[in-house]
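Here is how the chains run, residue by residue.
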Amino acid sequence: MSEYETLISAARQARENAHAPYSNFRVGAALRATSGRIFGGCNVENATYGLTVCAERIAIFKAISEGERGFDAISVVTDTETLTPPCGACRQLIWEFCGDVPVIMTNLKGKTEVIRMKDLFPKPFDSSNL
Ligand code: THU
């Protein structure tokens, strides 16, 4: 798993900034661009609940808004025994911008599982459907 160590620690670090006073479910994500740059994100909740944005989407929007295109891995870190996969909305966004990348799910004890987007999101709607 050493190839993902830097990415995982970036996600752990991003998780420290989670704004999750409603769910208390703190999530960190980190996205690696093919340029080598890594973009962290944390979940940012809101009192209206529905405006909450997941850690993965924050990381993606940060990277895209910085001009990055092309990504090769994304990691998600939570403090749970059962590792956390991206939600449906995030899967759509990860597919759009990253395609069939590995999703590295880790908890704070270091338990790790890697699953590819093709397996997490087997029949996507994307630009090929338009
Ligand atoms: N959440 C994420 O940030 N990423 C995920 O992969 C799953 C869910 C956040 C959204 C919300 O702030 C909290 O976790 C509970 O759903």
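It should be emphasised that the depicted structure is a prediction, and the values quoted were computed from it without experimental measurement.

Looking now at the overall build of the protein chain. Along the protein chain, the regular secondary structure elements total four helices and five strands. Counted from the first residue to the last, the protein chain has its helices and strands arranged as α-β-β-α-β-α-β-β-α. For 130 residues, the compact-globule formula gives about 14 Å, and the C-alpha radius of gyration of the protein chain, at 14 Å, lands near that figure. Classification of the 130 residues of the protein chain by burial places 45% in the buried group. Taking contacts inside the protein chain between residues at least 6 apart in sequence as the whole, the part at least 24 apart equals 59%. When the accessible surface of the protein chain is totalled, it reaches about 7000 Å², and 52% of it is carbon and sulfur. Placing the 14 positive and 15 negative side-chain charges of the protein chain at their respective mean positions leaves the two points 2 Å apart.

Once that is clear, we can look at the site of the ligand. In the vicinity of the ligand lie 13 residues, with Asn 43, Glu 45, Cys 54, Ala 55 and Glu 56 positioned nearest. In the environment of the ligand, an oxygen atom lies 2.9 Å from a nitrogen or oxygen atom belonging to the side chain of Asn 43. Between the ligand and the protein, one listed contact pairs an oxygen atom with a backbone N or O atom of Ala 55 at 2.9 Å. Classifying every residue of the shell around the ligand by side-chain character gives seven nonpolar, four polar and two charged.

A few words on the state of the cysteines. One pass over the structure, following the stated rule, counts zero disulfides. Cys 42 forms no disulfide, and the closest cysteine sulfur to it belongs to Cys 54, at a distance of 11 Å. Owing to a relative accessible area of 11%, Cys 42 belongs among the buried residues under this scheme. Looking at the unpaired Cys 98, the closest cysteine sulfur is the one in Cys 90, lying at 11 Å.

Take the pattern of salt bridges next. Side-chain pairs of opposite charge can arise whenever the charged atoms involved come near each other. All told, the structure shown has six salt bridges when counted by the stated rule. Where Arg 32 meets Asp 72, a salt bridge forms, and the shortest distance between an N and an O atom there is 2.7 Å. Residue Arg 32 is found in strand β1 (residues 28–33), and its partner Asp 72 is found in strand β3 (residues 71–78); the two are separated by 40 residues along the sequence. Note on Asp 72: relative accessible area 31%, which makes it partly exposed. A salt bridge links Glu 68 to Arg 37; the shortest N-O distance between them is 3.4 Å. Taken together, the residues Glu 68 in the loop between α2 (55–65) and β3 and Arg 37 in the loop between β1 and β2 (38–42) connect sequence positions 31 residues apart. The class for Arg 37 is partly exposed, based on a relative accessible area of 39%.

Cys 90, Arg 91, Ile 94, Trp 95 and Cys 98 are the residues of helix α3 (residues 88–98) that are buried. Down the axis of α3, the smallest arc covering the buried residues is 140°, so these residues share one side. Next to the buried residues of α3 lie β1, α2, β3 and α4 (117–120). Immediately downstream of α3, the backbone of Gly 99 shows phi near 70°, a positive value.

Cut-offs and rules
Residues numbered from 1 in each chain as written. Predicted model: local features only at pLDDT ≥ 70, side-chain atom pairs only at ≥ 80, totals over all residues. Heavy atoms only, no water. Helix = DSSP H or I, 4+ residues; strand = E, 2+ residues; numbered from the N terminus. Rg over C-alpha atoms; globule rule 2.2 N^0.38 Å. Buried < 20%, exposed > 50% of the residue type's maximum accessible area, 1.4 Å probe, protein only. Contact = heavy atoms within 4.5 Å. Areas by Shrake-Rupley, 256 points an atom, 1.4 Å probe, with all protein chains shown as cover. Lys, Arg positive; Asp, Glu negative; His and termini not counted. Charge placed at Lys NZ, Arg CZ, Asp CG, Glu CD. Near = heavy atom within 4 Å. Polar contact = N/O pair within 3.5 Å; in protein donor to acceptor, adjacent residues only side chain to side chain. Nonpolar A, V, L, I, M, F, W, Y, C, P; charged D, E, K, R; others polar. Disulfide = S-S within 2.5 Å. Salt bridge = Lys/Arg side-chain N within 4 Å of Asp/Glu carboxyl O. Arc of directions from axis to C-beta.

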